[in-house]
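One-letter residues, chain by chain:
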Amino acid sequence: MSKHLHKIALIGNPNTGKTSLFNKLTGLNQQTGNYPGVTVDRKLGYTQLTDGQKAAVLDLPGTYSLNASSLDESVVTDLLLNPADKDYPDVIVVVTEVENLKRNLLLFTQIKDLQLPVVLAINMADRMQKRGISLDIPALETALDTKIALISSRKNTGIKELKTLITERNKLSRNPIIDIRTVDENFFKSVEQTAPSRNVYESWLFLSSEHYKLNDQATDPKQLSVTASDLKRLQQKEVIKRYQFINNVLKSTQKTDLSLATDWRYKLDRIFTHRIFGYLIFAAILLLIFNAIFSWSSIPMDAIDAAFASLSEYTKSHMTPGMLQELLADGIIPGIGGIVIFIPQIAFLFLFISVLEESGYMSRVVFLMDRIMRRFGLSGKSVVPLISGTACAIPAIMAARNIENWKERLITILVTPFTTCSARLPVYSIIISLVIPNRIVLGFISMQALVLMGMYLIGFAMAILAATILNKIIKLKTKQYFVIEMPDYKWPLPQNIGITVVEKTKAFVMGAGKIILAISVILWFLASYGPGENMDQAGARVTMEQEYANGGTYEQAVAAARLEESYIGRLGRGIEPVIKPLGYDWKIGIAILTSFAAREVFVGTLATIYSVGGTEDEETIKQKMRAQTDVKTGKPIFDLGTGLSILMFYAFAMQCVSTLAITKRETNSWKWPLMQLAIMTVLAYCIAFVVHEIAS
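Remember, predicted model here, so these are calculated numbers, not experimental data. (Residues numbered from 1 in each chain as written. Predicted model: local features only at pLDDT ≥ 70, side-chain atom pairs only at ≥ 80, totals over all residues. Heavy atoms only, no water.)

(A) Just the nonpolar core, in detail. Counting residues in each nonpolar core, the largest one holds 96 residues, and the members touching the most others are Ile431, Phe602 and Phe638. Tallying contributions element by element places helix H20 (residues 447–473) first for this core, with 11 residues. Residues in contact with Phe638, not counting those within four places in the same chain, are Ile431, Leu434, Val435, Ile588, Leu606, Tyr610, Met625 and Ile646. Counting residues in each nonpolar core, the second largest holds 50 residues, with Ala9, Tyr88, Leu144 and Ile178 among its members. (Core = buried A, V, L, I, M, F, W, Y, C linked by side-chain atoms within 4.5 Å. Buried < 20%, exposed > 50% of the residue type's maximum accessible area, 1.4 Å probe, protein only. Helix = DSSP H or I, 4+ residues; strand = E, 2+ residues; numbered from the N terminus. Contact = heavy atoms within 4.5 Å.)

(B) Highlighting the sheet that holds strand E4 (residues 91–97). Here six strands make up an open sheet; going across it, the order is E2-E3-E1-E4-E5-E7 and the pairing mixed. With one partner strand each, in any of the chains shown, strand E2 (43–48) and strand E7 (147–150) form the two edges of the open sheet. Strand after strand, the sheet turns through a mean of 25° between neighbouring axes, direction not considered. The sheet contact formed by E2 and strand E3 (residues 54–59) spans six bridges and is antiparallel. (Pairing = 2+ DSSP bridges. Axes fitted to C-alpha atoms, helices over the stretch in contact; angles between N-to-C directions.)

(C) Spotlight on the side chain of Ser433. Mapped onto the fold, Ser433 is located in helix H19 (residues 425–435). Overall, the relative accessible area of 15% leaves Ser433 in the buried class. A polar side-chain atom of Ser433 sits 2.7 Å from the main-chain carbonyl oxygen of Ile430. Ignoring sequence-local partners within four residues, the contact set of Ser433 consists of Gln448, Lys622 and Arg626. (Polar contact = N/O pair within 3.5 Å; in protein donor to acceptor, adjacent residues only side chain to side chain.)

(D) Just the pattern of salt bridges, in detail. With the rule as written, the count across this model stands at eight salt bridges. We note a salt bridge from Arg181 to Asp179, for which the minimum N-O separation is 3.0 Å. On the basis of relative accessible area, Arg181 is assigned to the partly exposed category, the value being 34%. Judged by its relative accessible area of 35%, Asp179 falls in the partly exposed class. One salt bridge in this structure joins Glu192 and Arg181, with 3.3 Å as the shortest N-O distance. With a gap of 11 residues between them, Glu192 in helix H7 (residues 185–194) and Arg181 in the loop between helix H6 (159–167) and H7 connect regions that are remote in the sequence. For Glu192, a relative accessible area of 28% translates into the label partly exposed. Residues joined in a network through salt bridges with shared partners are Asp113, Glu238 and Arg242. (Salt bridge = Lys/Arg side-chain N within 4 Å of Asp/Glu carboxyl O.)

(E) Representation of the packing of aromatic side chains in the model. This model, assessed by the stated rule, comprises 10 aromatic pairs. Ring geometry for Trp296 against Phe348: centres 5.8 Å apart, planes inclined by 70°, an arrangement best described as edge-to-face. With a gap of 52 residues between them, Trp296 in helix H11 (residues 277–296) and Phe348 in helix H14 (residues 343–359) connect regions that are remote in the sequence. Of the residues examined, Trp296 reaches a relative accessible area of 47% and is grouped as partly exposed. Consider the rings of Phe649 and Tyr650, whose centres lie 5.7 Å apart with planes at 75°: the pair is edge-to-face. Considered together, Phe649 and Tyr650 belong to a single accessibility category, that of buried residues. Put simply, the rings of Phe187, Phe188 and Trp204 pair up and form one aromatic cluster. The ring of Tyr46 has Lys54 sitting right over it, with the charged end atom 4.7 Å from the ring centre. The positively charged end of Arg198 is found above the aromatic ring belonging to Phe206, 5.1 Å away from the centroid. (Phe/Tyr/Trp six-rings, centres within 6.5 Å; stacked < 30°, edge-to-face > 60°. Lys NZ or Arg CZ within 6 Å of the ring centre and 35° of its normal.)

(F) Structural context of the state of the cysteines. Applying the stated criterion across every chain, the model contains zero disulfides. Free cysteine Cys656: the closest other cysteine sulfur is in Cys421, separated by 6.7 Å. Among the residues examined, Cys656 registers a relative accessible area of 11% and is labelled buried. (Disulfide = S-S within 2.5 Å.)

Take a look at the structure:
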């Protein structure tokens, strides 16, 4: 971050609309969510203030207090206690919301006592009349000794006034609100003596923060002046004292007239969180999502598939024959096409997830699923990573930071990769479309959609089973209780939904595209060249029987023979004995190896290999895969047994180097990610083998 820029930090409890405000201020694309754990790291953007100056805006993880009890909360505390940090703010905007102002103000009073310039933003002002709430803003400003902006990030009101207050940050009071020494005079007098030049409340937070980190992963704590039980006792006394102050302030500044309120959320909650109907409604929503992924996206997917096939043929027809033409037509274009074809499905997936988050329904799902999760030794907060893992395992694992207990957080990290992420969707989609009939069952549901839903359920069930086993192996000494707030239902903001769909889809395509581009070039070279003169002599070895054995042409037989003699053909044949029991040929084996970089590379790899090894014009990816046959038997490679085997392998295998890296970072050890890799790979192989044997 540039040093000359003014730095603004957005801090607040989860569900206060902090990230939506970040979007309004910066115009950047930042996903919003309606449950804790969406923002799990620092997010940076830029805005222009009312005086024309450019300022950097930092969106920090949602936190309930500065008394860190989880990793995401410690991100905020660590920043505010470290003036040397490059992101240390010049001004802090504490984001609260009108319906939970009492709870939100606890964090505000703590930050104010650090003697930092603070602006209080009270969000969701558009709901005040609906809830019968009124606020005396001038009196509240006097009582809290701060400036207040009454805003609505949904209605885009009060944003200009907030920018003005930030511009006038030099006028903000830095006086503390609570004298922390009144909590325990003797103890805090000793704390003050340890660092006389430092704010006593800052010293107290530093002490409690360091104590949390030392005990977080069962390391040996240093000799501290306070025990864990003393620390909790003092923190509880601090919270009580702050709430006494907040209650007195709100008693005279906030009024609620329930006769003016019109609230129907409780009626909906009784339906959506019902112990029977709640699950049925959630299952129906899942069916709708998966049906849309297959049915609604089929037309644009077929168009994209045909377009890339035509582009490849156009390149062959209009470019001068040579290495560059072959690289583009047989390597890069088919490889990139193998991922671009799934844009409609990925977009639909993120569209539905965004709508569920924005509307407030996702919090009901988390609450509903907690009834099940507690039976398997997981924290209720583990639901957040498991559900968000349907998008990507990396941010999902990071979301586990809001689980206070280290062992419960570790179990959540280890089992989250079983959840079906969007990277698996291309593999599932192409294989299901090849081996599962496109029939309608129950009058309106696609059989393919049912199978896809089954794959998601298998992944979630395996995560629960693995958690149960780990819970017995790793003995938990403490039990955590799940607490989650239920946000109001609201109409999803089209802007936030559009931001989520565009940015997440773009990130998926660009992230996979970079890998595919590199792998496509490497694969094309390895498939186009080989050692010695074997490739050049392949045509002479093609017999008349081979030419017509499976209804092919001489050119196809020669191309297949050359591919087997290439570098990649020899590598594939080397690993074929290991994967043959699963029903895979050497080409599928190569795709599995390359997809360790990213699961979605599987389809792009096969598209590249089949393009080099084939000669037909304008064949789509699906057509090429459907046309693959076993040289000896003449049967399709992608039959039901092999297809189901591939689905099971990718359901349970790790196959993602980025997930291994994030697991290492979050656990600070290679022990756990290597254990993940070994167990998940062996499990995937065994289950894929059993399924292939049964289905064949």
